[in-house]
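Chain and residue survey
Residue strings, one per chain:
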Amino acid sequence: MSQFQEPIQHTSKGTVQEHDVIMRGRRLLDITGVKQVESFDNEEFLLETSMGFLSIRGHNLQMKNLDVDKGIVSIKGKIDDLVYLDEHTGEKAKGFFGKLFK
C-alpha cells in the first residue's frame, strides 16, 4: 500500500494535489504535490509544488524516483536545507537566477 495520497478535489479550481514533504534521517525525501522539476544537480533541486517553489540543497543529491502523473519526487543524499521561495520577496530570482547570472 502506498503512503502517498491521491489528489484532493477543490470546488471551482479543479484538481489540486496535496503537498507533503517526508524526510527520513536527512538522507531521503519523499515529496508529493510536485508540478514540475525546474532544475537539479548533485547540490540543489528546484521544484515547483502546489504550495510554491521548493529548493532542496545538500550533497550527493540524486533523484531516486519521479512520477510525473502523481506529482511524486524522491530524492536521496545528504540534505542540508529545505526552503520555500516566495515570489513576492524576490527570493526565487535571487536564488535561482542569481546563480545563472553571477
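Before reading further, recall that the structure is shown in the block above.
Reading the values: rules and limits
Just so you know, the residues in each chain are numbered from 1, in the order the chain's sequence is written. Only residues with pLDDT of at least 70 get local features here, since the model is predicted, and only at 80 or more are side-chain atom pairs given and counted; chain-wide, interface and lining totals rely on the full set of residues. Here the side-chain values reflect all heavy atoms present in the structure, with hydrogen atoms and water set aside. Only DSSP runs of H or I covering at least 4 residues are called helices, and only runs of E covering at least 2 are called strands; the numbering of each starts at the N terminus. A 1.4 Å probe rolled over the protein chains alone gives each residue an accessible area, and that area as a share of the maximum for its type sets the label: buried under 20%, exposed over 50%, partly exposed in between. When checking whether two residues touch, look at their non-hydrogen atoms; a contact exists if any pair is within 4.5 Å. Here, Shrake-Rupley sampling with a 1.4 Å probe gives the accessible areas, and only protein chains in the shown set may cover a residue. Note: two strands are recorded as paired if DSSP finds a minimum of 2 bridges between them. By convention a nonpolar core is built from buried Ala, Val, Leu, Ile, Met, Phe, Trp, Tyr and Cys residues, the set being connected through side-chain atoms within 4.5 Å. Working definition: a ring pair exists when centres of Phe, Tyr or Trp rings (six-membered ring for Trp) sit within 6.5 Å. Plane angles under 30 degrees give stacked, over 60 give edge-to-face, the rest tilted.

With that settled, the discussion passes to the overall build of the protein chain. A tally of regular secondary structure across the protein chain gives 1 helix and 8 strands. Taken from the N to the C terminus, the helices and strands of the protein chain come in the order β-β-β-β-β-β-β-β-α. Burial status across the protein chain gives 29% buried among its 102 residues. The long-range share in the protein chain, meaning contacts at least 24 apart out of those at least 6 apart in sequence, stands at 41%. If you sum the accessible surface of the protein chain, you get close to 6,900 Å²; carbon and sulfur atoms cover 50% of it.

Summarising the sheet, strand β5 (residues 34-40) and strand β6 (residues 44-49) pair through 5 bridges and their orientation is antiparallel. Looking at the pairing, S39 lines up with L46 of β6. Hairpin geometry of β5 and β6 is characterised by an intervening segment of 3 residues between the two adjacent antiparallel strands.

On to the nonpolar core. Counting 11 residues, the largest nonpolar core is built from L29, I31, V34, F45, L47, L54, I56, L61, V73, I75 and I79. The set of elements that each furnish at least two residues to this core consists of β4 (28-31), β6, β7 (52-67) and β8 (72-85). Once you skip the residues sitting within four places of it in the chain, L47 turns out to touch I31, V34, Q36, V37, E38, G52, F53, L54 and I56.

Within the secondary structure, G77 is located in strand β8. Between the alpha carbons of G77 and M63 there is a distance of 9.0 Å; along the sequence they are 14 residues apart. Apart from residues lying up to four places away in sequence, G77 is in contact with R26, R27, H59, N60 and L61.

What follows deals with unusual backbone geometry. Most peptide bonds take the trans configuration, and most residues that are not glycine carry a negative phi. Not every positive phi belongs to a glycine, and R26 is a case in point at roughly 55°. Within the secondary structure, R26 sits in the loop between β3 (21-24) and β4.

Before going further, it helps to examine the pairing of β3. Here β3 runs beside β4; their pairing, made up of 4 bridges, is antiparallel. Paired with V21 across the strands is I31, a residue of β4. Once β3 ends, the chain turns through 3 residues before running back antiparallel as β4, passing G25 with a positive phi of about 60°.

Per the stated rule, a full pass over the model turns up 1 aromatic pair. Pairing F40 with F45 gives two aromatic rings, centres 5.2 Å apart and planes at 20°, and the pair type is stacked. F45 sits in the buried class, given a relative accessible area of 0%.

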